[in-house]
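A closer look at the structure
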Amino acid sequence: MSYAIVGFGKIGQALAHAFARKNIEVTVASRRTPEALAPQARAIGPTVVAKSLRDALEADTIILAVPFGEHREVAKILPSWKGKTVIDAMNALVPLEELDGLLSSAFAAKAFTGAKFVKGFNHLIAATLAADPIVEGGHRVVFLSSDHEDAIAPVAALAKQLGFAPVRLGKLNEGGALVHARGRIWGQLIFQDLFKKEQ
Ligand SMILES: NC(=O)c1ccc[n+]([C@@H]2O[C@H](COP(=O)([O-])OP(=O)(O)OC[C@H]3O[C@@H](n4cnc5c(N)ncnc54)[C@H](OP(=O)(O)O)[C@@H]3O)[C@@H](O)[C@H]2O)c1
């Protein structure tokens, strides 16, 4: 598996810390040049490599850590997203009406034709996501949901490798609704800083 994080702000950098902590290679990219991102990437760890957006999108698993309104700009870069898994770490604080009545991940997924879309890593604030997920003898939980059930297992395996305890919530409009923001209403699991003691 190859991994890229698109968006290298608070959440992108928090995730890069998680990869660096476990010496897992990850590409990071934003609209800025790789040269502009490189010092920050290097400061996080040697496995964090800045690339251009187009080069970063060669990874087979791509974590979206851009503001929700920017997801279409990222989607446009590839003519087809077939064979890619996209992990949606975004929260959309826009009214449900602006999402065609869909949950934000289902709405964003429409732009990424052919991709397998998994909602995950969106429910913790950046500072918590950046910190060691092994706390108080347990593992910090990440919630995963997707309409592509076969796509959850590899993302759960990645979450485990990073030290988190993955919890599968099923389809987006089922358990996944608990980790979505709708307008100003936060899903009940957003910002819940939970631990799982037994593995
Ligand atoms: N902050 C949190 O605690 C938190 C918690 C959970 C989820 N989230 C979600 O995570 C996402 C990112 O939030 P953030 O707080 O990390 O925001 P942020 O600090 O503003 O970072 C956003 C990043 O996206 C990049 N970007 C913007 N447009 C882009 C585009 N079209 N293509 C590629 N890169 C682009 C920006 O870099 P350039 O300007 O260089 O392109 C920047 O690196 C949001 O959807 C947010 O709702 C945030």
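Residues numbered from 1 in each chain as written. Predicted model: local features only at pLDDT ≥ 70, side-chain atom pairs only at ≥ 80, totals over all residues. Heavy atoms only, no water.

1. Describing a nonpolar patch on the surface
- On the surface, Leu93, Ile125, Trp186 and Phe191 cluster together into a nonpolar patch covering about 400 Å² of accessible area.
- Tracing the backbone through its elements, the reader meets Leu93 in the loop between strand 5 (85-88) and helix 5 (104-109). (Patch = residues over 30% accessible without salt bridge, like charges linked within 9 Å, V, L, I, M, F, W, Y side chains within 5 Å. Areas by Shrake-Rupley, 256 points an atom, 1.4 Å probe, with all protein chains shown as cover. Salt bridge = Lys/Arg side-chain N within 4 Å of Asp/Glu carboxyl O. Helix = DSSP H or I, 4+ residues; strand = E, 2+ residues; numbered from the N terminus.)

2. Examining the environment of Ala16
- Its place among the elements puts Ala16 in helix 1 (residues 10-21).
- Along the chain, Ala16 and Ala43 lie 27 residues apart, while their C-alpha atoms are 10 Å from each other.
- Every residue in contact with Ala16, bar those within four places of it in the chain, is listed here: Ile5, Phe8, Val28, Ile44 and Val48. (Contact = heavy atoms within 4.5 Å.)

3. Looking at the site of the ligand
- Around the ligand sit 24 residues in total, of which Ile11, Ser30, Arg31, Arg32 and Val66 are the nearest.
- A distance of 2.9 Å separates an oxygen atom of the ligand from a polar atom in the backbone of Lys10.
- Backbone polar atom of Ile11 to an oxygen atom of the ligand: 2.7 Å apart, as the coordinates give it.
- Compared with its free state, where it exposes 890 Å², the ligand has 81% of that area covered by protein.
- Looking at the shell around the ligand, the elements with two or more residues in it are helix 1 and helix 4 (71-75). (Near = heavy atom within 4 Å. Polar contact = N/O pair within 3.5 Å; in protein donor to acceptor, adjacent residues only side chain to side chain.)

4. Things to note about helix 1
- With 12 residues, helix 1 extends 17 Å from end C-alpha to end C-alpha; this agrees with the ideal 16 Å at 1.5 Å per step.
- Every buried residue of helix 1 is accounted for by Gly12, Ala14, Leu15, Ala16, Ala18, Phe19 and Ala20.
- At the exit of helix 1 stands Asn23, carrying a positive phi of roughly 55°. (Expected span 1.5 Å × (residues − 1). Buried < 20%, exposed > 50% of the residue type's maximum accessible area, 1.4 Å probe, protein only.)

5. Here's the deal with the pairing of strand 1 (residues 3-6)
- The side-chain alternation of strand 1 yields two buried faces, one formed by Tyr3 and Ile5 and the other by Ala4 and Val6.
- Strand direction decides the pairing type here: strand 1 and strand 4 (residues 61-64), joined by four bridges, are parallel. Counterpart to Tyr3 in the pairing with strand 4 is Thr61.
- As judged from the three bridges shared by strand 1 and strand 2 (residues 26-29), these two strands associate in the parallel manner. Following the sheet pairing, Ala4 is matched in strand 2 by Thr27.
- Between the parallel elements strand 1 and strand 2, the chain passes through helix 1 in a crossover that is right-handed. (Pairing = 2+ DSSP bridges. Right-handed = clockwise from strand over helix to strand, strands pointing away.)

6. A closer look at unusual backbone geometry
- A positive phi angle, near 65°, is found at Phe121, a position not held by glycine.
- Relative to the elements of secondary structure, Phe121 occurs in the loop between strand 6 (116-119) and helix 6 (126-130).

7. Brief notes about the pattern of salt bridges
- Under the counting rule described, the total for this entry stands at seven salt bridges.
- Across the salt bridge formed by Lys119 and Asp88, the nearest N and O atoms sit 3.6 Å from each other. Pair noted here: Lys119 is in strand 6 and Asp88 is in strand 5, with a separation of 31 residues, a long-range link. Per residue, the accessibility class of Lys119 equals that of Asp88, and both read buried.
- We note a salt bridge from Glu149 to Lys171, for which the minimum N-O separation is 4.0 Å.

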